[in-house]
Amino acid sequence: MRPTPLLVANLLVGVAFAPPSLHSQSEYDARTLATKKHFADRELAALNEPFVGVHTSAGIESGLFALESTGPSTQPLVEAANAFLASLSPTQVIQTHFAVDDPEWRRWFNVDNGIYVRQGTSLREMSDAQKATARKLMAATLSARGLALADAIRHTDRTLHELNDNAFYLGEDLYYFTVMGVPSATQPWGWQIDGHHLVINAFVLGDQIVMTPTFLGAEPAVTRSGKYAGNTVLQDEQNDGLAFMRSLSPAQQKDATLSSIKTRNNIQAEALKDNAVIDYAGVKATSFSPAQREAFLQLVHHYVGNLRDGHADKWMADITAKLDQTYFAWVGPTDPDAVFYYRIH
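This report concerns the structure included in the present document.

What counts and what doesn't
Residues numbered from 1 in each chain as written. Predicted model: local features only at pLDDT ≥ 70, side-chain atom pairs only at ≥ 80, totals over all residues. Heavy atoms only, no water. Helix = DSSP H or I, 4+ residues; strand = E, 2+ residues; numbered from the N terminus. Core = buried A, V, L, I, M, F, W, Y, C linked by side-chain atoms within 4.5 Å. Buried < 20%, exposed > 50% of the residue type's maximum accessible area, 1.4 Å probe, protein only. Contact = heavy atoms within 4.5 Å. Expected span 1.5 Å × (residues − 1). Arc of directions from axis to C-beta. Phe/Tyr/Trp six-rings, centres within 6.5 Å; stacked < 30°, edge-to-face > 60°. Pairing = 2+ DSSP bridges. Salt bridge = Lys/Arg side-chain N within 4 Å of Asp/Glu carboxyl O.

## Here's the deal with unusual backbone geometry
Reasoning step 1: Here the bond from Thr 212 into Pro 213 is cis, since omega is 0°, no more than 30 degrees from zero.
Reasoning step 2: The topology assignment puts Pro 213 in the loop between β7 (208–210) and β8 (214–216).
Reasoning step 3: Looking along the chain, the bond that leaves Glu 219 and enters Pro 220 is cis, with omega of 5°.
Reasoning step 4: With respect to the element layout, Pro 220 can be found in the loop between β8 and α6 (235–247).
Reasoning step 5: The residue Leu 272 is not glycine, and still its phi comes out positive at about 70°.
Reasoning step 6: Following the sequence through the fold, Leu 272 ends up in the loop between β9 (257–259) and β10 (283–284).

## Quick notes on the nonpolar core
Reasoning step 1: Counting residues in hydrophobic clusters, the biggest one holds 60 residues, and the most contacted among them are Phe 84, Phe 177, Trp 191 and Phe 328.
Reasoning step 2: If we skip the residues at most four places from it in the chain, Phe 177 touches Phe 84, Thr 96, Gly 120, Thr 121, Leu 123, Met 126, Ala 134, Met 138, Trp 191, Gln 192 and Ile 193.
Reasoning step 3: In terms of nonpolar packing, the next biggest core, distinct from the first, is built from 12 residues, Trp 108, Ile 115, Phe 215 and Ala 271 among them.

## Notes on the side chain of Asn 306
Reasoning step 1: You can see Asn 306 is positioned in the loop between α8 (290–304) and α9 (309–321).
Reasoning step 2: Not counting residues within four places of it along the chain, the set of residues in contact with Asn 306 comprises Leu 142, Ser 143, Arg 145, Gly 146, Leu 149, Met 211 and Leu 216.

## Considerations on α9
Reasoning step 1: With 13 residues, α9 ought to run about 18 Å at 1.5 Å a step, and its terminal C-alpha atoms sit 18 Å apart, in line with that.
Reasoning step 2: Buried residues of α9: His 311, Ala 312, Met 316 and Ile 319, and no others. Along the axis of α9, the buried residues cluster in a sector spanning 140°; they form a single face.
Reasoning step 3: Contacts made by the buried residues of α9 are with β7 and α8.

## Here's the deal with the packing of aromatic side chains
Reasoning step 1: If you walk through the whole model with that rule in mind, you get 18 aromatic pairs.
Reasoning step 2: On the numbers, 5.3 Å between centres and 65° between planes, the contact of Phe 109 with Tyr 116 is edge-to-face.
Reasoning step 3: Of the residues examined, Phe 109 reaches a relative accessible area of 4% and is grouped as buried.
Reasoning step 4: Considering the side-chain rings of Phe 177 and Trp 191, the 6.0 Å spacing of their centres and the 10° angle between planes classify their relative orientation as stacked. Pair noted here: Phe 177 is in strand β4 (residues 176–180) and Trp 191 is in strand β5 (residues 189–195), with a separation of 14 residues, a long-range link.

## Re the pairing of strand β12 (residues 341–344)
Reasoning step 1: The alternating pattern of β12 places Tyr 341 and Arg 343 and Tyr 342 and Ile 344 on opposite faces, both of which are buried.
Reasoning step 2: Where strand β11 (residues 327–331) lies against β12, four bridges are found, and the strand directions are antiparallel. Looking at β12, one finds that Ala 329 is bridged to Arg 343.

## Some details on the pairing of β4
Reasoning step 1: Extensive coverage of β4 is indicated by the burial of five of its five residues.
Reasoning step 2: Burial of the side chains of β4 extends over both faces: Tyr 176, Thr 178 and Met 180 are buried on one face and Phe 177 and Val 179 on the other.
Reasoning step 3: Here strand β2 (residues 97–98) runs beside β4; their pairing, made up of two bridges, is parallel. Bridging from a neighbouring strand, His 97 pairs with Val 179 of β4.
Reasoning step 4: With two bridges joining them, strand β3 (residues 121–122) and β4 adopt antiparallel strand pairing. Paired with Thr 121 across the two strands is Phe 177, which belongs to β4.
Reasoning step 5: When β4 meets β5, the two strands line up antiparallel, connected through five bridges.

## Quick notes on the pattern of salt bridges
Reasoning step 1: Throughout the structure, instances matching the rule amount to 14 salt bridges.
Reasoning step 2: With a shortest N-O distance of 3.2 Å, Glu 43 and Arg 107 are connected by a salt bridge. With a gap of 64 residues between them, Glu 43 in helix α1 (residues 30–47) and Arg 107 in the loop between β2 and β3 connect regions that are remote in the sequence.
Reasoning step 3: The buried category is assigned to Glu 43, whose relative accessible area is 6%.
Reasoning step 4: Measuring nitrogen to oxygen at the nearest pair gives 3.4 Å for the salt bridge that ties Lys 273 to Glu 270.
Reasoning step 5: Among the residues examined, Lys 273 registers a relative accessible area of 31% and is labelled partly exposed.

The structure is reproduced here in C-alpha cells:
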C-alpha cells in the first residue's frame, strides 16, 4: 500500500494515553472521553487528506515496485478469507466486509480500546468456530514466526488487563478483523487485524502480498507475572539492532546517529501517517563490510520474515537487490541498557 519501503523498529516501551480512570464498562469520566475524542478527531483529519503514500521530500520514488508474478500462490489466503467471511453472521459481515478501496485500510491505531473505536469483528465477539477461521487466515498470511509474534503481543494485553484491575478495555481477544474487497486470485483484496500494539494490513493482488503498514509493539515487553509469565516480545529485534549498531565503526556510528539522546517518540510511519514525508537518513549500506551486510539483512529479516515464507523470500531478494540504496539510522546511546530507536529505510 505504501509507495516506499519502510521498516520501523521502535524499541522504547511506554504508556500512551492510557485511560486514567475507567472504572466500569459503563463509566467514562470527562478526561477520558476527551482523549477518546482526540483520537477520533485526529483520524477524521487524516482521512480527509487524499492518500499519497509515504515519500521523501523529492516526492514519490517511481520504479520501486512492479506488478509481477512472485511465484508462491496466494490461494491459501483466498480460501481462508472466504471461509472466515462465510463463518460470520449477517450482522458481523456488515461490520467486517468493506470495498477494496474503502478508507478502512487507513483506520487503525496502536492504542487500547478504551480510547479508540475500531471497525470489524473482534475475537471476543466470535464463536470458537469463527475464531478458528480467523486464525487460519492469519496462519495463511504469516510465517510461523509471525503468527507466534502476533500471539505474544496479544498476550501482553492480557497481562495489562491483569495489572490494571481487569480493565474491560484490555484483553487478548480485543483484536478486530476486517476484509477489504472480494477474496480473489486475480482481483485486489486484503484484510486487517487491528488492536492494541498489533496492527497488520495484508494487501493481495494475484500472487503478490504487501504487508504494510504493520505495527508491532509490546507493553510489557517481558511478562513477569500472571497467566503469561515468561512471555517476551521483540527481544531479537531489540538485541540484534543494538548489536548491529555496536558492530559499526566509529565513523559509521557517527553517520548513523541522528541524536545520541532518546527523549521522545521517534516513530515516523505510525498511525495516520499515510502521507508522511521521510527523507533518507543515517549510514548508507554501501559502507558496510560483507559481515555487516549479512548482519544487516538478518536484522531486516526479523521484520520481513513475519510474512509467509515464500513471499518473505521474494521481498528479501528485492531488498537485497536494492541494499546499496538503503540506510540505517539511530537515536539514543549504545550502552548495553540503552533505550533507543532505529530505522531501516
